[in-house]
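Secondary and tertiary structure notes
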Amino acid sequence: MIDGGMVMTNAEYRAKAAISRSDLFHIGVSPQKFRYAMDNPSPKTPSLIFGGAFHKYLLEPESFGEEYAVVPELNRRTKAGKEEWEAFSAIHAGKDLICAEDLQTIQEMAESVMRNKYAAALISKSRHELSFFWTDE
């Protein structure tokens, strides 16, 4: 616990039997939209993975590797490439995968944000991604 908030990975946060902040957006539209979203979770699109990776890299770079892995360049049509892919997949099971080019873009985006003195001050002088849970009686 850190001042009432818990630091946890996104996977740990999503695994909780709770309604998340983003889930509340659905209920703000209608209870039916909320129920549908709960019963039919959206698949992770490449854009959502990229956005999540940028978010993690900018706000929690020290734990980026816990949730994301950069796919190495290899030829999966060859026996050696297939073996390398299997080993890589086993080591990084459960992580979202991004390519090296996307990581380069994410790094450049983060550097751009941090060159802005106001953004840099907000990011460097605050705590990020603390999770709070409560029961609304």
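Look up a bit, the structure's there.
Residues numbered from 1 in each chain as written. Predicted model: local features only at pLDDT ≥ 70, side-chain atom pairs only at ≥ 80, totals over all residues. Heavy atoms only, no water.

1. Focus: a nonpolar patch on the surface
On the surface, I19, L24 and I27 cluster together to form a nonpolar patch covering roughly 270 Å² of accessible area. A relative accessible area of 47% means that L24 is categorised as partly exposed. (Patch = residues over 30% accessible without salt bridge, like charges linked within 9 Å, V, L, I, M, F, W, Y side chains within 5 Å. Areas by Shrake-Rupley, 256 points an atom, 1.4 Å probe, with all protein chains shown as cover. Salt bridge = Lys/Arg side-chain N within 4 Å of Asp/Glu carboxyl O. Buried < 20%, exposed > 50% of the residue type's maximum accessible area, 1.4 Å probe, protein only.)

2. A short note on the nonpolar core
Looking at soluble globular proteins, one finds that nonpolar side chains tend to be buried together. By size, the foremost hydrophobic cluster in this structure holds 12 residues: I49, A53, F54, L58, L59, F64, Y68, I98, L103, I106, A110 and I123. Looking at this core, the elements that each hand over two or more residues are helix 4 (46-59) and helix 7 (100-115). Broken down by element, this core gets its largest block of residues, five residues, from helix 4. Non-local contacts of I49, meaning those with residues more than four positions away in its chain, are made with K44, Y68, D96, L97 and I98. (Core = buried A, V, L, I, M, F, W, Y, C linked by side-chain atoms within 4.5 Å. Helix = DSSP H or I, 4+ residues; strand = E, 2+ residues; numbered from the N terminus. Contact = heavy atoms within 4.5 Å.)

3. Some words on the layout of surface pockets
Each pocket or cavity is described by its volume, and for the largest pocket that value is around 1200 Å³. In this structure, the largest pocket is lined by 31 residues; those nearest its centre are N10, Y13, R14, R21 and S22. The dominant element in the lining of the largest pocket, judged by the number of residues it contributes, is helix 4, at six residues. Here the lining of the largest pocket is composed, by residue class, of 11 nonpolar, 10 polar and 10 charged. Taken as a whole, the second largest pocket holds about 460 Å³ of empty space. If you go around the second largest pocket, you meet 16 residues; those closest to its centre are Y13, A18, I19, S20 and R21. Elements represented by at least two residues in the lining of the second largest pocket include exactly helix 1 (10-15), helix 2 (21-29) and strand 4 (130-131). (1 Å grid on protein atoms, 1.4 Å probe; cavity = no way out; pocket = protein on both sides within 12 Å on 5 of 7 lines; lining within 4 Å. Points joined across faces, edges and corners; volume = space filled by probe spheres on them. Nonpolar A, V, L, I, M, F, W, Y, C, P; charged D, E, K, R; others polar.)

4. Comments concerning the pattern of salt bridges
Summed over all chains, the structure comprises four salt bridges. Ionic pairing is found between K44 and D96, a salt bridge with its closest N-O pair at 2.7 Å. With K44 in the loop between helix 3 (31-39) and helix 4 and D96 in strand 3 (residues 96-99), this pair connects stretches of sequence that are 52 residues apart. Taking the relative accessible area as the measure of exposure, K44 reaches 54% and is therefore exposed. K56 serves as the salt-bridge partner of E67, at 2.9 Å between the closest nitrogen and oxygen. Here E67 is found in helix 5 (residues 64-67), whereas its partner K56 is found in helix 4, with 11 residues between them in sequence. In this structure E67 comes out as buried when scored by relative accessible area, which is 12%.

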